[in-house]
Amino acid sequence: MNGDPLESYRRKRDFSRTPEPQDSRPLQSSSNPIFVIQKHAARTLHYDLRLEIDGVLKSWAVPKGPSTDPKDKRLAVPTEDHPLEYATFEGVIPEKQYGAGPVIVWDIGTYRNITEKSGKPIPAGEAVALGHISFYLEGKKLNGGYALRRFKTGDDEAWLLIKMADEYADPNRDPVREEPQSVLSGRTIEQVAEEES
Ligand code: MN
């Protein structure tokens, strides 16, 4: 890890205007890392998938959200690392601020890094640097194996999020459409936008 991974997060935000959290914890890796998926109606609606890795939340914006169908390949565009405190953030980022719009916690839980290369386990940070991480989610909506794989590098770096074929794979489920509420407050993103604007 080079320098301060949260420098970009801080630089993009004015904490006197946005209700988003500032980072306050020292960076350290955890044996029981968390994941979160936040539904975010910014200029365009997307789902921010965040995995706790080496003390920060590594983040990807997934325009269509996650699928439970292994046949779906969902585009995932990397965004700046977020502080761990962000995992439970729900609210409205005010107009003119970076990412303006409502945010809900669409799913949250813990995950296990299951990335292997030639039969050897690969640490999560290294897996992301190599462009391929496999992980097992234990969330309230999503469970089981998923893989994130980089297919484009450079300024337009892009990844794919794919459900692994396991007991939790279900092509008939559509959690993005069928389960729109926050797992923390039960509210929809429209309710958060109304109540907190
Ligand atoms: Mn976002």
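Figured I'd write up the structure that's included with this text. Values in this document were obtained by computation on a predicted structure and should not be read as measured data.

About the cut-offs
- Residues numbered from 1 in each chain as written.
- Predicted model: local features only at pLDDT ≥ 70, side-chain atom pairs only at ≥ 80, totals over all residues.
- Heavy atoms only, no water.
- Salt bridge = Lys/Arg side-chain N within 4 Å of Asp/Glu carboxyl O.
- Buried < 20%, exposed > 50% of the residue type's maximum accessible area, 1.4 Å probe, protein only.
- Donors = N, O, S within 2.8 Å, 3.2 Å for Na, K, Ca; no water.
- Pairing = 2+ DSSP bridges.
- Helix = DSSP H or I, 4+ residues; strand = E, 2+ residues; numbered from the N terminus.

## Description of the pattern of salt bridges
Two side chains of opposite charge can pair, provided their charged atoms sit close to one another. All chains considered together, the criterion is met by 16 salt bridges. Between lysine 152 and aspartate 156 there is a salt bridge; the shortest N-O distance is 3.7 Å. Among the salt bridges present, the one from lysine 163 reaches aspartate 166, with a minimum N-O distance of 2.8 Å. The class for aspartate 166 is partly exposed, based on a relative accessible area of 25%.

## Let's talk about the coordination of the manganese ion
A four-donor tetrahedral metal ideally has 109.5 degree angles, and a six-donor octahedral metal ideally has angles of 90 or 180 degrees. Summarising the metal site, the manganese ion is bound by the protein donors His40 (ND1), His46 (NE2) and Asp48 (OD), whose distances to it range over 2.1 to 2.3 Å. Read from N- to C-terminus, the donor residues coordinating the manganese ion fall into the pattern H-x5-H-x1-D. Exposure class is identical for histidine 46 and aspartate 48. Each is buried.

## A word on the pairing of strand β4 (residues 74-83)
Regular strands place their side chains on alternate faces of the sheet. One ladder, built from five bridges, connects strand β3 (residues 56-62) with β4; its direction is antiparallel. What sits directly across from leucine 57, in β4, is histidine 82.

Interpretation in functional terms is not warranted from these geometric data alone.
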